[in-house]
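An overview of the molecular structure
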Amino acid sequence: MNKHSSENLLDNNGAIKLQVLICTLGEAGIQRVAKGEHPHVPGVEYLVSWQLPDGDVAIPDELSRPDFKIIKNTTRGLSRNRNLSIAAATAPYCLISDDDLDYFADSIAKIIDIFDKNPELDIATFKYSGADTKQYPDHSFNLSKPPRGYYISSVEIAFNRNKISETGVSFNERFGVGAEFPAGEEDIWIHDLLKRKLNGEFFPITIAYHPGETTGTRRASDPDIIRTKGAVFSHTHPLSWPLRMLAHVWRNYRSKTKISTYKYLKSWLKGAL
């Protein structure tokens, strides 16, 4: 569907059912949003939480659409922005997003359908395509019992807003781009939600295209990313993180990455402790 289609954005009841929560920073970020594919889909609104810590910037003409809502703030840090976008949301369902994604209209509509047909569902994760060539299982499963090797990226996550709000769980603002630990915020957020017995499920549906590699993939050998792994694993696996650390250290040694085994271990321990 053409992103400039004039199709009515409301559902049959005249209400927004899904908000796509796009987080972005500065002038370059909003320009990425403007260049992306955001199809008009009945019942869908794109809510842009725009961080402008260095001063105001004009909104691009491309975003002057009835299905776009832009809120500005002067903060820094992706997790802080995620929390602000969730606090500003009003639709029953939300989809976490970044500023550099292209969406598929049919798949966005399926997200609404999945939540409508599964009222017990609190969290749903999906697939994206792109340069990461990320591998996914070909079947649905409960997020509390994921298959080996599966991990979640933030832009794959949709949720029932009321159910999430009731838990009081927010993104840990020490994690994510622009924070002390530059990744891992989605791992901790999902872990804390599932600990509160929320029901989450993976669906093998591709909802978006991401043109480049994610931070975790692009900076896999960066000591800051390894330090972040240590911090994340000590939170999500408080008893078994030392064994998991040794497994990752061995994997790093065998893969002959650019970072030495000593530095890998030192970075991991620094994050964990």
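Refer to the structure printed above.
Computed from a prediction, not measured in an experiment: that's the story for all the values here.

We now examine unusual backbone geometry. The backbone of Lys-197 sits at a positive phi, close to 70°, despite the residue not being glycine. Its location among the elements puts Lys-197 in the loop between α5 (185–195) and β9 (200–210).

We now examine the pairing of strand β2 (residues 44–51). Consecutive side chains of a regular strand alternate in pointing toward one face of the sheet and then the other. Counting buried residues along β2, eight of its eight residues qualify, which places the element largely inside the surrounding structure. Burial of the side chains of β2 extends over both faces: Val-44, Tyr-46, Val-48 and Trp-50 are buried on one face and Glu-45, Leu-47, Ser-49 and Gln-51 on the other. For strand β1 (residues 18–25) and β2, the ladder comprises eight bridges, and the chain directions are parallel. Directly across from Leu-18, in β2, lies its bridge partner Val-44. Handedness of the crossover joining β1 and β2 through helix α1 (residues 26–35): right-handed. Sheet analysis places β2 next to strand β3 (residues 68–73), joined by six bridges and oriented parallel. Within the sheet, the bridge partner assigned to Gln-51 lies in β3 and is Asn-73.

Moving on, we get to the side chain of Ser-85. Its place among the elements puts Ser-85 in helix α2 (residues 78–88). Under the relative-accessibility criterion, Ser-85 is labelled buried at 2%. With near-sequence residues (within four places) excluded, Ser-85 lies in contact with Leu-21, Cys-23, Leu-47 and Ser-49.

Note on placement: Ala-124 falls in strand β6 (residues 123–130). A relative accessible area of 0% places Ala-124 in the buried class. With residues up to four places along the chain from it excluded, the contact list for Ala-124 reads Phe-115, Glu-156, Ile-157, Ala-158, Glu-201 and Phe-203.

Let us now look at the nonpolar core. Among the nonpolar cores identified, the biggest contains 58 residues, and Leu-95, Ile-111, Ile-123, Phe-126 and Trp-189 are the most heavily contacted of them. In terms of residue count, the dominant contributor to this core is helix α3 (residues 105–117) (six residues). Core analysis: the next-biggest nonpolar cluster, separate from the first, contains nine residues, Ile-226, Phe-233, Met-245 and Tyr-264 among them.

The full count for this structure, using the stated rule, is 12 salt bridges. The partner of Lys-117 in a salt bridge is Asp-113, with the nearest N and O atoms 3.2 Å apart. Of this pair, Lys-117 and Asp-113 both sit in helix α3, four residues apart, which is roughly one turn of the helix. Its relative accessible area of 62% is what places Lys-117 among the exposed residues.

Describing an aromatic ring pair means giving the distance of the ring centres and the angle of the ring planes. Under the criterion given, the structure shown has 12 aromatic pairs. An angle of 75° between the planes, with centres 5.5 Å apart, marks the rings of Phe-159 and Trp-189 as edge-to-face. Residue Phe-159 is found in strand β8 (residues 157–160), and its partner Trp-189 is found in helix α5; the two are separated by 30 residues along the sequence. Assigned by exposure class, Phe-159 and Trp-189 land together as buried. Note on Phe-233 and Trp-268: the rings are 5.3 Å apart at their centroids and 55° apart in plane angle, and the pair reads as tilted. In this pair, Phe-233 sits in helix α7 (residues 223–236) while Trp-268 sits in helix α9 (residues 261–272), placing the two residues 35 residues apart along the sequence.

Rules used in this analysis
Residues numbered from 1 in each chain as written. Predicted model: local features only at pLDDT ≥ 70, side-chain atom pairs only at ≥ 80, totals over all residues. Heavy atoms only, no water. Helix = DSSP H or I, 4+ residues; strand = E, 2+ residues; numbered from the N terminus. Buried < 20%, exposed > 50% of the residue type's maximum accessible area, 1.4 Å probe, protein only. Pairing = 2+ DSSP bridges. Right-handed = clockwise from strand over helix to strand, strands pointing away. Contact = heavy atoms within 4.5 Å. Core = buried A, V, L, I, M, F, W, Y, C linked by side-chain atoms within 4.5 Å. Salt bridge = Lys/Arg side-chain N within 4 Å of Asp/Glu carboxyl O. Phe/Tyr/Trp six-rings, centres within 6.5 Å; stacked < 30°, edge-to-face > 60°.

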